[in-house]
Amino acid sequence: MSGYKHTIKLPKTDFPMKAGLAQREPEMLRRWESEGLYEKIQEARREAPLYVLHDGPPFANGDVHMGTALNKILKDFVVKSRSMAGFRAPFIPGWDCHGLPIEFRVVKSSAGLTPAEVRRRSEEYARKFIDIQRTQFRRLGVLGDWENPYLTLDPGYEADVIRSFGRFVEAGLVYRKKKPVLWSTGAQTALAEAEVEYQEKTSVAAYVTFPLVSGDLAGEASMVIWTTTPWTLPANLAIAVHARHTYAVVRVSLHGAEQRLVMAEALVEGFCAATGAEKLAVEKLLPGADLEGHLARHPFLDRTSTIYAADFVTLDTGTGCVHIAPGHGEDDYRLGMEHNLPLLSPVDDKGCFTAECELPEFVGQYVFDANEGILALLQEKGALAGREAYAHSYPHCWRSKTPVIFRAVEQFFIRIDSLREAALAGVDSVKWLPHWGRNRIRGTVESRPDWCISRQRTWGVPLPVFYDGNGDPVLDPETIAKVADVFAERGTNSWFELSDEEWVKLVGLPSGMTRRHDTLDVWIDSGLSHEAVLRRRPELTFPADLYLEATDQHRGWFQSSLMTSVALNKVPPYREVLTHGFVVDTDTRKKISKSAQGGYQKPTEADHYVGKYGADLLRLWVSSVNFTDDVPFSEEIFTRLSDAYRRIRNTLRILLANLHDYDVSSPPKETDLTFVDRWILARLQEVVTTCTQGYESLEFHRVYHTINQFCAVDLSSLYVDITKDRLYCDKGDSSRRRATQFAMAKVLEALIPLLAPILAFTAEEAWGYFRKGVSVHLQLFPKPDPTWANPDAVREMDRLLELRSLISQAVEKIQKAGEIGSALEAGVILTVPPADRPLLDSLRGELEEVFILSHLTVATGEVAGATATKTSAARCERCWRHRDEVGSSADHPTLCARCEEAVVAGIS
RNA sequence: GCCCGCAUAGCUCAAUAGCAGAGUCGCCGACCGAUAAUCGGCAGACCGGGGUGCAAAUCCCCGUGUGGGCACCA
């Protein structure tokens, strides 16, 4: 074919078009790690202002799934971008190691283990998953001090937890009390609010009569209560009414017999509907206050229940007469305390009745199984006015999935009331992103009851409490401090391994004192990371600049950290809190962490997708979405993103390839820059500004979309396409060719670093071809360069693109008609309104190039328009443009003038 | 039951109250000198209903959908 093909300067690079991320990324990781990239970055920013993102510890259990990956990648965006913005941004990853989920696994796999053995195996289990997750996090390209993470099972960490506990005690924040707590019968321990999940459950609701035995109505009428937990009736000690609600003494016909019942007037109809009772007459109306103090006989036990007034009684459901079992409910408990009722809770750890229930036939029976028996008993005693199925959301243990019960047990608590005010003030001093996070946490802080911090489990930090001969606890800061010292040295296993005598001796208590095996709520562990990590690690500081977790941590870690920090420091441990939503499968609209349940087969582990698409694709996905909402995820999204990735990668590649013969040492004169060069550099400044601001404000999707747009439209479709001709066909040292290479170098110099926090691997790879030797992650972000800012050029280009669109349509028309093949065969007449003339005239020499046309004629008219015809000019064999002068040269009759010059220059 | 987010093209995202933009997908074509690439054309959207404004995707109200929180419930 063409004899001139070899004279063309085609792009040339070794930067591969095909990414091969799955293979290339691990190689790059090995290099980063062998070169100590993280340490190098820290060293390079040694004197820089500090920016601390404190890692919330994931639970050391299971593989890294897409949600965990999202979180860690976002954190890595922050750390990398802050580093490149000139901060020292250390990242110390951590793991939450104690707790029920792990102990559960261990105990399940082999029963009958000693506490020490449970702990040994739990630690082994936790460490195994720490290693697994660490490998997976690293594989995602997340940089940090992976060799020195913080673990809540480290003796030093545990000692700090104990010391902090000692300070809580010293501040008078800790008390022990027997009161109802959320109790998991499956896991046999108390639970925190955050450890229960609400599920729909259908319970049996019963209407139960309590004959009045005092007052005017004694022997005449019965109080009727409503309960969804008949099994708590043996613990009934009172009935609550609302003092200001109106109650009715109503004569009804029920099960063929007439009786008088007392209930809230407003609920009589509902009662009749539910029980089939027929209302015969309302004999009397009275305020609840009139019932106060009267006695009613328990339906099947030989005792009476007193009627009290309480504000929590509502008229939503039931009868307005509320069954009160102080051992089985929060409100019940408080009312019971108020009136000095005993705390009856005749249920054991497994949720089975104890002898205290006074019903021998029920002892040992699981309470939820006992409901029917209790109902039968009520029936037998004639006290069951009716029953109905009642669907409601009911709390379940997050681990054993069993319904939880309220049960009174001796537990340790932290007095939240002493902290609430300071915590709320602290909330207001923090910047919450998105802003509604403030309300979320305010709500939880305002309403949370005292914090039950003791757990009847073995895999945790021991509760450092000794008991005297009466079984009363010794809560003494000094003793606790001594325990902490022992833990720091010997680890917390010593609590389980040494005897009481040995311990008593170690901490200097009188002999005869004993220990128990309660542990601390794991939320205390992780909630104290600001103390055990931020304050301990020399490279960190208190408070952190940022905590960044999923939105569910408002109730969890954000809150536990806030509370412990307010207790110790009076202030929150963070200046700013950023939250993200959950990963949602677009096909099922379900949380991906939940979608694995119920026969759903799609993989949810990050590793699966890393292996299939590469870590940079996951990172690109994270950057592309608005993470403050739920984050959509599906295989289709990844396919789309692969295309976006390819586009960005190929853009980098063509830029690199066009610089193959660029001589950095002789930059062009500024006046050599043509319009498109000035324009692309102007656009670059806009991109730099938007992206650095996007990183600054943690809106990474702005960065993604800006860069995507810049690569796909400004660079690939326009600048690279337009300058192709001059780069390939001009003589090597033509001023406009050098100007373009200069601009392209400028673009790469800024673009690759801007991309680096997101496409950590690809940016590094590209940077390696651009500037040998130094990691892109050690670079600083570019700053907008006022030299190249040029809003006029951007505006002018926008107008040219509108005209270009008209031209393309005109050309397309004759292409479709079969008159021409390539657009370069067209001759175009562009008609523009007079207002456009100055612009077009000023660019006269460049228009054909900008529009990528062989021949353009500009005319003036009313409205803009374009017509295209097949050009009569001959085609230059070398550059394929049709030029009039082709054929006029004797030496090179098939070339245009420019190409002849280039060829001649190349030969000489 | 109450409160708070969110809702733009098949998908992911834009847009100071001022012609609703991109990318990708789809269809058609070009090119065969970015070639498992690249370029062009076509097609495609403001959840519904009211209100305020010269002008509303944007502000207000109601509704629907969706996600979350609280309350109820033990």
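Look up a bit, the structure's there.
Residues numbered from 1 in each chain as written. Chains lettered and ligands numbered in written order. Predicted model: local features only at pLDDT ≥ 70, side-chain atom pairs only at ≥ 80, totals over all residues. Heavy atoms only, no water.

1. Re the protein's contact with RNA strand B
(1) Moving on: Not every one of the 60 residues close to RNA strand B is listed here, only the nearest: Arg-647, His-701, His-705, Gln-709 and Ser-716.
(2) Moving on: Protein-adjacent atoms of RNA strand B, using a 4 Å cutoff, are sugar or phosphate at a proportion of 75%.
(3) Moving on: Within the backbone of Ser-624, a nitrogen or oxygen atom sits 3.2 Å from a sugar or linking oxygen of RNA strand B.
(4) Moving on: In the model, a phosphate oxygen of RNA strand B is placed 2.6 Å from a nitrogen or oxygen of the Ser-716 side chain.
(5) Moving on: Put simply, the parts of the chain that give the surface near RNA strand B at least two residues each are strand S15 (384-397), helix H11 (437-447), helix H21 (635-658), helix H23 (700-729) and helix H26 (791-816).
(6) Moving on: Here the element with the most residues in the surface near RNA strand B is H23; it accounts for 13 residues.
(7) Moving on: Residue composition of the surface near RNA strand B, by class: 18 nonpolar, 22 polar and 20 charged. (Near = heavy atom within 4 Å. Polar contact = N/O pair within 3.5 Å; in protein donor to acceptor, adjacent residues only side chain to side chain. Helix = DSSP H or I, 4+ residues; strand = E, 2+ residues; numbered from the N terminus. Nonpolar A, V, L, I, M, F, W, Y, C, P; charged D, E, K, R; others polar.)

2. Section: the sheet that holds strand S31 (residues 865-870)
(1) Moving on: Ordered by their spatial adjacency, three strands build an open sheet running S30-S29-S31, and the pairing between neighbours is mixed. Strand pairing shows two members of the sheet lacking a second neighbour, strand S30 (855-860) and S31, which therefore form its edges. Strand after strand, the sheet turns through a mean of 20° between neighbouring axes, direction not considered.
(2) Moving on: As paired strands, strand S29 (residues 826-832) and S30 are joined by six bridges and run parallel to one another. For Gly-827, the partnering residue across the bridge sits in S30 and is His-855.
(3) Moving on: Along the sheet face, H26 touches S29, S30 and S31 and points at about 35° away from the line of S31. (Pairing = 2+ DSSP bridges. Axes fitted to C-alpha atoms, helices over the stretch in contact; angles between N-to-C directions. Contact = heavy atoms within 4.5 Å.)

3. Notes on unusual backbone geometry
(1) Moving on: The linkage connecting Leu-433 with the following residue, Pro-434, adopts the cis geometry, with an omega of -10°.
(2) Moving on: Omega for the peptide link from Phe-542 to Pro-543 comes to -10°, which places this bond in the cis form.
(3) Moving on: The residue Pro-543 is located in the loop between helix H16 (529-534) and strand S24 (544-550) in this model.
(4) Moving on: Here Lys-570, not a glycine, exhibits a phi torsion of approximately 75°, which is positive.
(5) Moving on: In this fold, Lys-570 is placed in the loop between helix H17 (557-569) and strand S25 (574-580).
(6) Moving on: Classification of Lys-570 as exposed rests on a relative accessible area of 63%.
(7) Moving on: A positive phi angle is found at Ile-852, which is not glycine, with a value near 50°.
(8) Moving on: On the basis of relative accessible area, Ile-852 is assigned to the partly exposed category, the value being 26%. (Buried < 20%, exposed > 50% of the residue type's maximum accessible area, 1.4 Å probe, protein only.)

4. Description of the sheet that holds S24
(1) Moving on: The sheet built from four strands is open, its strands ordered S1-S24-S25-S17 with parallel pairing. Two strands close off the open sheet at either side, each with one partner strand: strand S1 (53-54) and strand S17 (431-433).
(2) Moving on: Here two bridges tie S1 to S24, and the two strands are oriented parallel to one another. By the bridge assignment for S24, Leu-53 is matched with Leu-546.

5. Quick notes on helix H25 (residues 760-770)
(1) Moving on: Burial of H25 is extensive: nine of the 11 residues sit out of reach of the surface.
(2) Moving on: Considered for burial, the residues of H25 that qualify are Ala-760, Phe-761, Thr-762, Ala-763, Glu-764, Glu-765, Ala-766, Trp-767 and Phe-770.
(3) Moving on: Looking at the packing, one finds that the buried side of H25 touches helix H1 (21-35), helix H3 (66-84), helix H5 (115-139), helix H20 (615-624), H21 and helix H24 (735-755).

6. Regarding the pattern of salt bridges
(1) Moving on: Enumeration over the complete set of coordinates arrives at 58 salt bridges.
(2) Moving on: For Asp-417, the salt bridge is made with Arg-420, and the minimal N-O distance between the two is 2.7 Å. Of this pair, Asp-417 and Arg-420 are both found in helix H10 (residues 417-429), three residues apart, which corresponds to roughly one turn of the helix.
(3) Moving on: The exposed category is assigned to Asp-417, whose relative accessible area is 59%.
(4) Moving on: The salt bridge involving Lys-612 is made with Glu-635; its shortest N-O contact spans 2.7 Å. Of this pair, Lys-612 sits in helix H19 (residues 606-613) while Glu-635 sits in helix H21, and the two are 23 residues apart along the sequence.
(5) Moving on: Exposure remark for Glu-635: the relative accessible area of 27% places this residue in the partly exposed category. (Salt bridge = Lys/Arg side-chain N within 4 Å of Asp/Glu carboxyl O.)

7. Brief notes about a positive patch on the surface
(1) Moving on: Positive charge collects at one region of the surface, where Arg-105, Lys-108, Lys-128 and Arg-399 lie side by side.
(2) Moving on: Along the chain, Arg-105 falls in helix H4 (residues 100-109). (Patch = residues over 30% accessible without salt bridge, like charges linked within 9 Å, V, L, I, M, F, W, Y side chains within 5 Å. Areas by Shrake-Rupley, 256 points an atom, 1.4 Å probe, with all protein chains shown as cover. Lys, Arg positive; Asp, Glu negative; His and termini not counted. Charge placed at Lys NZ, Arg CZ, Asp CG, Glu CD.)

8. Points about the environment of Thr-306
(1) Moving on: Among the secondary structure elements, Thr-306 is positioned in strand S13 (residues 304-309).
(2) Moving on: Separated by 73 residues in sequence, Thr-306 and Gln-379 have C-alpha atoms that sit 22 Å apart.
(3) Moving on: Residues within four places of Thr-306 in sequence aside, it is in contact with Leu-237, Ala-238, Ile-239, Gly-293, His-294 and Leu-295.

None of the figures reported here should be taken as evidence of function without further support.
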